[in-house]
Amino acid sequence: MWQSIPFSLNISTANKPLAIFRCVNEWNISNIGAVPFQIIELGPGTGTLAYDMLRILKSFPQIGNTVSLHLVERSSELARQQAKKLGIEAIDQTWITGAGKGTVEGAVDGPVDGAGDVLHYQTGISQFGIPVYWYQRIQDIPKGAPAFIVANEFFDALPIHKLQMTDGKLREVLVDVTEDDSRLRFVIAPNETAAVRLVPKESRKRQHLELSVEAGVVLNDIADRVTDHGGGALIIDYGHDGTKTDTFRAFQHHKVLDPLHEPGQADVTADVDFSLLRQMLRPKAISYGPITQSTFLFNMAFEQRFNALMKACKSDEEQDRLAAACDVLINPAKMGGQFFVFAVFGWKRGRLGPVTGGFQ
């Protein structure tokens, strides 16, 4: 398989094309053949990963015209940028009214739900000849076909509930204002809130955790898809396996700030707690990982890829830049140890043999 893949000199995104290599590997194992299947990306950003996935898919002639790309993107401006990146010249925009399943202004061919309502808000044909659809939520993507789902730095952007053990009881950390109304502050809820009741049983004795209810909704949809229709999901994000406590923070101009300082003026984030993701998936689906990005890349023959790229360099300076970029990706003290990879499959997948593709 590797011989048929054109190498790219952009090693800073080398982990991203590997995601689609893994999808193709699972496509082969699942013996889907000519059955139409979906590639779903959650939070496509600038569209670079989507572009790489379509470019690589076209190098597999056996896949043919059976694939479609489905992007979950809430920003209409980013959706337009992604369409441009994918070389879509004629964009068909059909904006959804109501709560995402209401009346559609204008007719458009493409995925519909059981009631006949079109749930995507933008569609077009990429420069690779593969149809692309945009949605506000993963729940709006039609089911019924095998789906290979990729979420690269998606879950860390979802809202969280902060919880901590107080006097032997798990309580939610809320945001309040100081007595003089001069600034925001954290306070402990005096009673049990709804978020506490949603904590998986295995984590109810933890001293501190950060629970994303929205992540649970997305995972539930993923589990339903891969269990009922086949496929799998690959989640790449920075996080931990239940070992960290308070990771909620803000970034502004590349500096870490108090998340309550100047709210709305900085980007807020929290590390993904993969142990909670795993617990929320049970018993609906099988999960593998998390493993570090470094381990995943080496398991996916990253070393051979890097050596081929080094040979393709035309100068010592180019090799130095390549080596430096590689160090960022695989060094355990850098992205290699900060980012983790997590996979989700339906229970039927276990009958097809061991899951490899980075997790051997």
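Reading guide: rules and limits
- Residues numbered from 1 in each chain as written.
- Predicted model: local features only at pLDDT ≥ 70, side-chain atom pairs only at ≥ 80, totals over all residues.
- Heavy atoms only, no water.
- 1 Å grid on protein atoms, 1.4 Å probe; cavity = no way out; pocket = protein on both sides within 12 Å on 5 of 7 lines; lining within 4 Å.
- Points joined across faces, edges and corners; volume = space filled by probe spheres on them.
- Helix = DSSP H or I, 4+ residues; strand = E, 2+ residues; numbered from the N terminus.
- Nonpolar A, V, L, I, M, F, W, Y, C, P; charged D, E, K, R; others polar.
- Core = buried A, V, L, I, M, F, W, Y, C linked by side-chain atoms within 4.5 Å.
- Buried < 20%, exposed > 50% of the residue type's maximum accessible area, 1.4 Å probe, protein only.
- Contact = heavy atoms within 4.5 Å.
- Pairing = 2+ DSSP bridges.
- Axes fitted to C-alpha atoms, helices over the stretch in contact; angles between N-to-C directions.
- Parallel < 35°, antiparallel > 145°, perpendicular 65-115°, else oblique.
- Left-handed = near helix turned anticlockwise from the far one by under 90°.

Visitor: Hey, could you run me through empty space enclosed by the protein in this one?
Guide: Over the atoms, a rolling probe the size of a water molecule traces out where space has been left empty. Tallied over the entire structure, the rule returns five cavities of 30 Å³ or more. In this structure, the largest cavity spans a volume of roughly 110 Å³. Forming the boundary of the largest cavity are 15 residues, of which Phe155, Ser212, Asp271, Val272 and Asp273 lie nearest the centre. Secondary-structure elements contributing two or more residues to the lining of the largest cavity are β10 (208–211), β15 (272–273) and α6 (274–281). The element best represented in the lining of the largest cavity is α6, accounting for three residues. For the lining of the largest cavity, a count of residues per class yields ten nonpolar, one polar and four charged.

Visitor: I would appreciate a short explanation of the nonpolar core in the present structure.
Guide: Generally speaking, soluble globular proteins have nonpolar side chains that are buried together. Leu42, Phe155, Ile222 and Val344 are the most contacted members of the largest nonpolar core, which has 29 residues in total. Elements supplying a minimum of two residues to this core: β1 (37–42), β5 (131–135), β6 (147–152), α5 (213–229), β11 (231–240), α6 and β17 (339–345). When residues in this core are grouped by element, the largest group, six residues, is from α5. Setting aside residues no more than four positions away along its own chain, isoleucine 222 makes contact with Leu42, Ile138, Ile149, Ala233 and Val344.

Visitor: Would you mind going over the sheet that holds β10 with me for this structure?
Guide: Read across the sheet, four strands follow the order β9-β8-β7-β10 without closing on themselves; strand pairing throughout is antiparallel. Edge strands, defined here as strands with exactly one partner in the open sheet, are β9 (184–188) and β10. Averaged over all pairs of adjacent strands, the angle between strand axes in this sheet comes to 35 degrees, irrespective of strand direction. Where strand β8 (residues 169–177) meets β9, five bridges bridge the pair, whose relative direction is antiparallel. Paired with valine 173 across the bridge in β9 is isoleucine 188.

Visitor: Just checking my understanding: could you explain the packing of α5 against α6 for this structure?
Guide: Between two packed helices, the angle of one axis relative to the other and the distance separating the axes together describe the packing. The contact between α5 and α6 brings their axes to 10 Å, and the two run at 50 degrees. By the angle between their axes, α5 is oblique relative to α6. In terms of crossing hand, the pair formed by α5 and α6 is right-handed. Between α5 and α6, the residues in contact are Ala215, Gly216, Leu219 and Ala223 and Leu277, Met280 and Leu281, respectively.

Visitor: What is the right way to look at the layout of surface pockets in this model?
Guide: Put simply, the largest pocket is a space of about 430 Å³. Forming the walls of the largest pocket are 19 residues, and the residues nearest its centre are Gly43, Val72, Arg74, Phe154 and Leu158. Broken down by element, the lining of the largest pocket gets its largest block of residues, three residues, from α5. Its residues assigned to classes, the lining of the largest pocket comprises eight nonpolar, five polar and six charged. Looking at the second largest pocket, its volume works out to about 250 Å³. Along its surface, the second largest pocket is lined by 16 residues, and Leu158, Pro159, Ile160, His161 and Phe248 are the ones closest to its centre. Of all the secondary-structure elements, those providing two or more residues to the lining of the second largest pocket are β7 (161–166), β8 and β14 (267–269).

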